[in-house]
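Summary of structural features
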Amino acid sequence: MKFTRIAKKTTRATMTAGQWLTAVVLSTPMLGCNLLDKGLEATAPDKIETSVLETPANAGLLVSSAIGNFECALKSYVVDAAMASGEFMDATATAANWPFDRRDTDPTADTRYATNGCDVYGIYTPIQIALGTADRTLELLQGWSDAQVVNRQDLIAKAAAYAGYSRILLGEGFCSAAINLSPEMSSAEIFASAEAMFGTAITAAQAAGDQQILNMAYVGRARARLDQGNKTGAAADAALVPSGFVMDASSENSPTIRRNRVQDFNQAGLVSVAPSYRNLTLPASGGGTVPDTRVAVTNTGRNGTDNRTPLYVQTKYPVSTSPLPIASYKEAQLIVAEVAGGQTAVNIINALRTARGLPTFSSTDPVAIAAEVTEARRRELFLEGQHLYDVRRLNLPLDPAPGIPYSTVYLKGGNYGTERCFPVPDVERLNNPNF
C-alpha cells in the first residue's frame, strides 16, 4: 500500500478507496504536497493501493473528487477570510478562533488554520488537498490517451481549472506558501502558476466545447492576472465572459463537509456579520436612502455563542444547501470596470445595480468612480472570498483599525493586528525540506 507523503516528516496521511470513489472531501491532513505522491510502504487493511484507483476507468471519479475537495476548502476559506477582512466577526468564546478575527495569527501556536479540516476552520491543509488532488489528476489525464478516457479533454479542462482556483486561494490568502513540496513561493509566483493552469484549462475546454469550464477559466485567469497587476490581460479575459454566467460550488446537507459552511457557522452563532456590513444603504434618486439588497443582513435579536456578540446573519446563503459562487459574469464585469474606469465603469456599476432594482450611480470624477468600483466589489462579492486580497492589493484601511482593543466589549483580550494575509504555518516551514 502506498501512503501519501506530506511535509511533516513524522506523519503519513492515507487515502481510502471510499475517499476517492465517492468523491467526498478527504479528511486526512496533507501539507504542501501532492496527494498521491508515493511514500512509506505499510500494511493497513482499510486502505487500498493508489495504483488501483489511478486508472483510466476512474478518471471521472478522480476529477469529481478533486472538485469536491476544492468546494469544501473554498467554503472554509470564505469563513476565515471573512473574519480576517472584516466581513465577519467571531462570536464564540473559543480563544483558538480569535486570531482569524484579530488579525494576529501565530504560525507556530495557531494550528486551526494550518492543519484542521475544512469542517473546522482549516484552510491551509484543505487548499493543499484540493491542489494536490487536482494536480495529480491532471498529471494522470495528460499521461493517458483519448482512446483510454472518454471526454479526456473535458476532464483535463476541469482538473486544470480547479487546480488554478486552488492556487488562487493559496496566493490570495497566504503571504507565501509551497506547492507540492516546492521551495517557498511568493503570492506573485503562485498567481503565475495559477495563470498557467487556467491557460491549460482554456485550451482543453475549447477543444472539448465545454463553455461553462471555458468561462470559469477565463474568469480565473482574469483574476490571476489582476492579482499580478496585469490589468490589460485581466480585462481582455474578463470581457470574454457572457452575461448570466456563474460557476458555483455546490452544497448538500449530508455529509456535513458538503454543507455551506458560511451559512452554517453564521446561523449557529459562531460568527456574526461585522458592523461595517450591517444596514448598508444607497442614495435614492428622490432623496434619502434605500437598503442595499446586495448585502442583506438581519439582526436576530440574540447573541452569538459567546453570549456577548450581537448576532447578525447574512441572507445571501439562506440554507445549508445554498451554492457558493466560484466565478461569475458579475466578477468579470467588475474587473473590466476596475481596469477601464470612466463611463465604462459607471455603466457596469449601473447595470449590476439595475439588476438588483437599486438606484444608479453618476459621476465623471475618476477618483470617485474608482472608489465606487472598489465599493461595488465589496458589496457585490460579499462573502465570496474576494475581499481579503482586495484589502491587501488595494491597500484598503483595516477595519477595525490596528491597535484597537479586541475587545473590551466582548472581553476577548489583545489588540487588533496588522495582518493582511495568513502567514505560512510552521508545519510547512519547518518540515518541508525544500522550504
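Data block above holds the structure.
In this text, all values refer to a predicted model and were calculated from it rather than measured experimentally.

**What to know about the side chain of Asp237**
- Position of Asp237 among the secondary structure elements: in helix α10 (residues 231–238).
- Every residue in contact with Asp237, bar those within four places of it in the chain, is listed here: Tyr218, Arg221, Ala222 and Arg225.

**Some remarks on the packing of aromatic side chains**
- Taken as a whole, this structure holds 13 aromatic pairs when the rule is applied.
- A ring pair is formed by Phe174 and Phe422, whose centres lie 5.9 Å apart and whose planes are at 45°; its orientation type is tilted. On the criterion of sequence distance, the pair formed by Phe174 in the loop between α7 (152–173) and β4 (176–177) and Phe422 in the loop between α15 (387–393) and α16 (426–429) is long-range, its members being 248 residues apart.
- Centre to centre, the rings of Tyr277 and Phe382 are 5.0 Å apart; their planes meet at 20°, and the pair counts as stacked. With Tyr277 in the loop between β7 (271–273) and β8 (281–283) and Phe382 in the loop between α14 (366–380) and α15, this residue pair connects regions lying 105 residues apart in the sequence. Pair check on accessibility: Tyr277 and Phe382 agree, each one buried.
- The structure contains a cluster of three or more aromatic residues connected by ring pairs, namely Phe100, Tyr113, Tyr121, Tyr124, Phe174, Phe265 and Phe422.

**Considerations on the environment of Pro425**
- For Pro425, the position within the fold is in the loop between α15 and α16.
- Looking at Pro425, the relative accessible area reads 1%, which means it is buried.
- On a C-alpha basis, the gap between Pro425 and Pro107 in space is 4.4 Å, while along the polypeptide they are 318 residues apart.
- Excluding its chain neighbours within four sequence positions, the residues that come into contact with Pro425 are Pro107, Tyr113, Ala114, Tyr124 and Phe174.

Conventions adopted
Residues numbered from 1 in each chain as written. Predicted model: local features only at pLDDT ≥ 70, side-chain atom pairs only at ≥ 80, totals over all residues. Heavy atoms only, no water. Helix = DSSP H or I, 4+ residues; strand = E, 2+ residues; numbered from the N terminus. Contact = heavy atoms within 4.5 Å. Phe/Tyr/Trp six-rings, centres within 6.5 Å; stacked < 30°, edge-to-face > 60°. Buried < 20%, exposed > 50% of the residue type's maximum accessible area, 1.4 Å probe, protein only.

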